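# Report on the structure
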Amino acid sequence: DNSDWYEWEKSGRTKEKNGIACDYWNRYKEDHSIISQLGQNAFRLSLEWSKIEPEEGKFSEEAINHYREILKDLKSRGIKTAVTLWHWTLPIWLSKDGGWHNCDTVDYFVRFCERVVKDLGEDIDLFILMNEPRIPLNKGYLWGVFPPGKKNPFLYFKARKNMIRACIRSYDATKKINPDVKIGITQFTNAIYY
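My aim in this report is to walk through the structure given alongside it, one point at a time. (Residues numbered from 1 in each chain as written. Predicted model: local features only at pLDDT ≥ 70, side-chain atom pairs only at ≥ 80, totals over all residues. Heavy atoms only, no water.)

## Here we look at the overall build of the protein chain
A tally of helices and strands in the protein chain yields 8 helices and 4 strands. For the protein chain, the succession of helices and strands along the chain, N to C, is α-α-β-α-α-β-α-α-β-α-α-β. Relative to its length of 194 residues, the protein chain is compact, with a C-alpha radius of gyration of 17 Å against a globular reference of 16 Å. Seen through its principal axes, the protein chain has C-alpha atoms that stretch 50 × 45 × 40 Å. The proportion of buried residues among the 194 residues of the protein chain is 43%. Taking contacts inside the protein chain between residues at least 6 apart in sequence as the whole, the part at least 24 apart equals 74%. Counting only carbon and sulfur atoms, one obtains 51% of the accessible surface of the protein chain, whose full area is about 11,100 Å². (Helix = DSSP H or I, 4+ residues; strand = E, 2+ residues; numbered from the N terminus. Rg over C-alpha atoms; globule rule 2.2 N^0.38 Å. Buried < 20%, exposed > 50% of the residue type's maximum accessible area, 1.4 Å probe, protein only. Contact = heavy atoms within 4.5 Å. Areas by Shrake-Rupley, 256 points an atom, 1.4 Å probe, with all protein chains shown as cover.)

Set out below in structure tokens:
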């Protein structure tokens, strides 16, 4: 309830309303038991930036500790973790400050990544800096159907440049903290069959 997507929904710009869904936040141990029963040895999850840094520069120890419990539970079951740091949502304070088309967002993202690596890194096997950044860029800055709802190619290129800079700087900062960390991004690709 503290993210740009929540604000987007409250303004009536989504087809459906969100809800508890699978309630992984509270039922993660049950879900992890199912993962173990299925014989899976790896699990991918995302961290919600707006939970960890609900206000600019103020990090929630409660949220960090909860994510730590989740990660440690997976580790105790022998399940490797692939953790995405940005999966399309921004904290409200940051979206109101311009989001990805604000150059300061690069610094904010680097700071967020550093905090996650320092606080949770020992229980994360693979860091994914960003999930498929082309999708929210295209839909948020060219088509206007994702936050921030722009149809502006100039802002698109500015946001894209900032995301690239954020990835490069976060990669470098993360490697300084732990040179052995495995880190990258996921990309969306279209398959064309003939």
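## A word on the packing of aromatic side chains
One pass over the full model with this rule turns up 13 aromatic pairs. Aromatic pair Y24 and F43: ring centres 5.8 Å apart, planes at 40°, arrangement tilted. Taken together, the residues span a long stretch of sequence, with Y24 in helix α2 (residues 24-37) and F43 in strand β1 (residues 42-46) at a distance of 19 residues. By relative accessible area, which is 17% here, Y24 ends up buried. Relative accessible area serves as the criterion here: at 21%, F43 is assigned to the partly exposed category. Here the aromatic residues W49, W86, W100, F109 and F112 are joined through ring pairs into a cluster of three or more. (Phe/Tyr/Trp six-rings, centres within 6.5 Å; stacked < 30°, edge-to-face > 60°.)

## A short note on the nonpolar core
Counting residues in hydrophobic clusters, the biggest one holds 46 residues, and the most contacted among them are W49, L85, W86, W100, F109, V116 and M130. Looking at which element gives the most residues to this core, the answer is helix α6 (residues 104-120), with 8 residues. M130 has contacts with T84, W86, W100, F109, M163, A166, C167, G184, I185 and T186, leaving out every residue within four places of it along the chain. (Core = buried A, V, L, I, M, F, W, Y, C linked by side-chain atoms within 4.5 Å.)

## Some points on the pairing of strand β3 (residues 126-131)
Most of β3 sits inside the fold, with 5 of its 6 residues counted as buried. The pairing of strand β2 (residues 80-86) with β3 spans 4 bridges and is classified as parallel. Of the residues in β3, the one forming a bridge with A82 is L126. With 3 bridges joining them, β3 and strand β4 (residues 183-186) adopt parallel strand pairing. Within the sheet, the bridge partner assigned to F127 lies in β4 and is I183. (Pairing = 2+ DSSP bridges.)

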